[in-house]
Amino acid sequence: MIKTILLAEDNSDDVWIMQRAVKAAGIACPLQVVENGREAVNYLSGLGKYTDRTKYPLPSLVLLDIKMPYLSGLEVLKWLRTESAAPALLAVFLTSSSDRRDVEAAYRFGANAYLVKPSELAKLTEMLKSMEEFLLIHNQLPS
Amino acid sequence: MSPATASIDERVLVLAPTGRDAELTLSFLSRAKIAGLRCNDATDLVAKLREGCAAVIVAEEALGKGVVETLIAALAQQPSWSEIPISIITSGGETTAQILTTLSVLGPNGNVTLLERPFRPVTLVNTLRAALRSRHRQYQVRDLLDERDTVLRSINDAFATLDRQWRYTYVNEKAAALAGLRIDEMLGRSIWEVSPHKVGTPYYTDLHRAFENQVIVRFEYLQTGTNRWLDVRVYPSARGVSILTTDISDQKRAEELLEATVAERTTKLRETIGELEAFSYSVSHDLRSPLRAMQAFSQALADDYGTMLPKEGQWYLERIANASVRLDKLISDVLTYSRVLRAPLELDSIDLDHLLPALIEQYPTFQPLKENIEVKRPLLRVMGHEGSLTQCITNLLGNALKFVAPGRKPRVRVWTEANDDKVVLVFADNGIGIAPKDQARIFGMFQRVHPEGNYEGTGIGLAIVRKAVERMKGTLSLTSQEGVGSEFRIQLPKG
């Protein structure tokens, strides 16, 4: 089964960087991108254009930025864990904030991991590679 | 006391109906060196008596019915300390008995002596001397009362005394003003009658407590109506209580104002801190994002098109990449500094002998140079915060290894010294040293001593160390000689 990764990221530079790093890391999973928290909720609920699950398949992993328009990464996670149809979905923060309060809040809301984006492309690539290996290859996923 | 007053105080008034009687009496007195003054009639006597005198001698014949009454009225108006001695020269017989009855009106306190004719001059003189002695004791009481009044009037506080029935026995002007009454409206009346609103209040219970337990009681009281804050001190005695009251409204209001100001400033400060936190959050998230893009795109450009660029173009790219790395380091140092500033620190006993070698082993930066660090073990324990200490140690070791003259092999020695209940952690290096003129400023933010090209750094490292040491209630000192080396000393409480 092909495992899709959903990336919620509002900054187009960061989206480009992520796409390049994913490719450089040799990650085969398709990367879907939404540009804010509300879109992430719509995608995961299959609302609007996201009703087409062949085009927008339900992901095996959600990568969340913290600070996003409409709904923050933390709000998306809270919704995911308490209101969505897939409360067990893997959710990992990938953000530039290393603020302790953000980290604590993320785990309290049920994040599976919290990663701080390295500024160097090579390091980001390395991080994504080991993340994919651990979470999507070795790790047993919920159904 | 002026001589005029003295003579008035000492004079003996003589009233006799026949001039001969008076002359005779005066001459007896004069021989005994007693100052006598003859009065023409009863009216003259009363007028002089009001001015003042030591004693009065009256011949029985001069005491007609009207005269006795006038005299009684005048005597009744004496101040409380005064009781003018009166000697009456009588002839004995019926008239004497009648006068005595009349004079008994003067009451049990009447200071009256009878001198029956015929008497010898020495009897008159002795009687007068006794009268004068009694009068002098009264003057002493008068002077004491005057003194007390002067003192109590001159103090800025309200003072009153109460007897065992809570009746005012003394009230100074301030006390009367505080009660909004005249002194004479208060004297003799019970405090609870004068100020019925006080009954049942803490004022009432505190006054009773002072008297019943014979203890000094002090309390603050908000006077209703006037809305004034009073500091009340109650001193008990067997006769009742004395109350000293100070108006502390101004002081109270100043305190309230101060408290309000402090509260307001605290709120503002909290807001400022909140804004600062928001600011540093924004620095960590928002400033870093475009920086990351700069780094990533220049990296991508180098990766994808690097070979197509001429040498100079590649060099430009390298400069962009280096600048962005430096900016990234700057941002993370500023963040560290702000975290050190505001993070709550709980101080613990820290085992430096374990922590410091572990840091040297684990920190990637120290790996190539760790042979150059010499730790004199065992290191003593200190009271501190592990995270902050780690920050201090890595920054100081990093600096010691970095700021070395080109071609020289860095050497850093670390040890601890006991200093009473303190422990000093010392870092001594053989580096380039710091000129005396720079030693004071290197602990400030963004302070660099060396041009940027020579030694890498953000100029924040030592500011972080200083702040961290301060927050661990320690002190940081530096001795350094240019070209020889530096010694940084962190003094912390013994762990």
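Note that the coordinates shown come from a computational prediction; the quantities given were computed from them, not determined experimentally.

Caption draft 1: Structural context of the sheet that holds strand β10 (residues 240–247) of chain B. Residue and element names in this part refer to chain B. Within the open sheet, the five strands sit side by side as β7-β6-β10-β9-β8. Their pairing is antiparallel. Edge positions in the sheet fall to β7 (168–171) and β8 (217–223), since each of these pairs with one other strand and no more. On average, each strand axis in the sheet is tilted by 25° relative to the strand beside it, whichever way the strands run. Note: strand β6 (residues 158–163) against β10, six bridges, orientation antiparallel. Residue pairing across strands places Phe-159 opposite Leu-244, the latter belonging to β10.

Caption draft 2: Representation of the packing of aromatic side chains within the structure. Summed over the entire model, instances satisfying the criterion amount to 14 aromatic pairs over all chains. Judged by centre distance (4.3 Å) and plane angle (20°), the ring pair of A:Trp16 and B:Phe297 falls under stacked. A residue pair is termed interchain when its members come from two chains, as with A:Trp16 in helix α1 (residues 12–24) and B:Phe297 in helix α11 (residues 249–305). Overall, the relative accessible area of 31% leaves A:Trp16 in the partly exposed class. Take B:Phe297: its relative accessible area is 32%, and that puts it in the partly exposed class. Here a set of aromatic residues connected by ring pairs shows up, and it is made of B:Trp166, B:Trp192, B:Tyr204 and B:Phe211.

Caption draft 3: Summary view of the interface of chain A and chain B. Contacts between chain A and chain B engage 20 residues on the former and 18 residues on the latter. When chain A packs against chain B, the two sides together hide about 1800 Å² of surface, and 48% of this comes from carbon and sulfur. It is A:Lys67, A:Ser96 and A:Ser119 that lose the most area in chain A upon contact with chain B, and together they represent 32% of the buried surface on that side. Taken together, chain A and chain B are joined by two salt bridges.

Caption draft 4: Up close: helix α3 (residues 42–51) of chain B. Residue and element names in this part refer to chain B. Residues of α3 that are buried: Ala-42, Asp-44, Leu-45, Val-46, Lys-48 and Leu-49. Tucked inside the fold, the buried residues of α3 contact β1 (12–15), β2 (36–38), β3 (55–59) and α4 (65–76). Here α3 starts with a cap whose side-chain oxygen sits 3.3 Å from the backbone nitrogen of Thr-43, and that cap is Asp-41. Just beyond α3, the residue with positive phi is Gly-52, at close to 135°.

Caption draft 5: Region of interest: the nonpolar core. One finds B:Ile393, B:Leu397, B:Phe427 and B:Phe488 to be the most contacted residues of the largest nonpolar core, which totals 40 residues. Looking at this core, the elements with two or more residues in it are α12 (311–342), α13 (352–362), α14 (386–402), β14 (412–419), β15 (422–429), α16 (461–471) and β17 (485–493) of chain B. For this core, the element with the highest residue contribution is α14(B), accounting for seven residues. Beyond its immediate chain neighbours, meaning those up to four positions away, B:Phe488 contacts B:Leu396, B:Leu425, B:Val426, B:Phe427, B:Ile434, B:Ile442, B:Phe443, B:Leu462, B:Ser477 and B:Leu478. In terms of nonpolar packing, the next biggest core, distinct from the first, is built from 26 residues, A:Ala40, A:Leu44, A:Leu77 and A:Val103 among them.

Caption draft 6: Layout of the environment of B:Asp44. Residue and element names in this part refer to chain B. Considering the arrangement of structural elements, one finds Asp-44 in helix α3. Placed 31 residues apart in sequence, Asp-44 and Leu-13 show a C-alpha to C-alpha distance of 10.0 Å. Leaving out residues up to four positions away in the same chain, Asp-44 has contacts with Arg-38 and Cys-39. A polar contact is formed between the side chain of Asp-44 and the side chain of Lys-48, at a distance of 2.8 Å.

Caption draft 7: Spatial organisation of a nonpolar patch on the surface. A grouping of B:Leu301, B:Tyr305 and B:Met308 is seen on the molecular surface, where their side chains present a nonpolar patch of about 330 Å² in accessible area. Mapped onto the fold, B:Met308 is located in the loop between α11 and α12.

Rules of the game
Residues numbered from 1 in each chain as written. Chains lettered and ligands numbered in written order. Predicted model: local features only at pLDDT ≥ 70, side-chain atom pairs only at ≥ 80, totals over all residues. Heavy atoms only, no water. Pairing = 2+ DSSP bridges. Helix = DSSP H or I, 4+ residues; strand = E, 2+ residues; numbered from the N terminus. Axes fitted to C-alpha atoms, helices over the stretch in contact; angles between N-to-C directions. Phe/Tyr/Trp six-rings, centres within 6.5 Å; stacked < 30°, edge-to-face > 60°. Buried < 20%, exposed > 50% of the residue type's maximum accessible area, 1.4 Å probe, protein only. Contact = heavy atoms within 4.5 Å. Buried area = accessible area lost by both parts, 1.4 Å probe. Salt bridge = Lys/Arg side-chain N within 4 Å of Asp/Glu carboxyl O. Polar contact = N/O pair within 3.5 Å; in protein donor to acceptor, adjacent residues only side chain to side chain. Core = buried A, V, L, I, M, F, W, Y, C linked by side-chain atoms within 4.5 Å. Patch = residues over 30% accessible without salt bridge, like charges linked within 9 Å, V, L, I, M, F, W, Y side chains within 5 Å. Areas by Shrake-Rupley, 256 points an atom, 1.4 Å probe, with all protein chains shown as cover.

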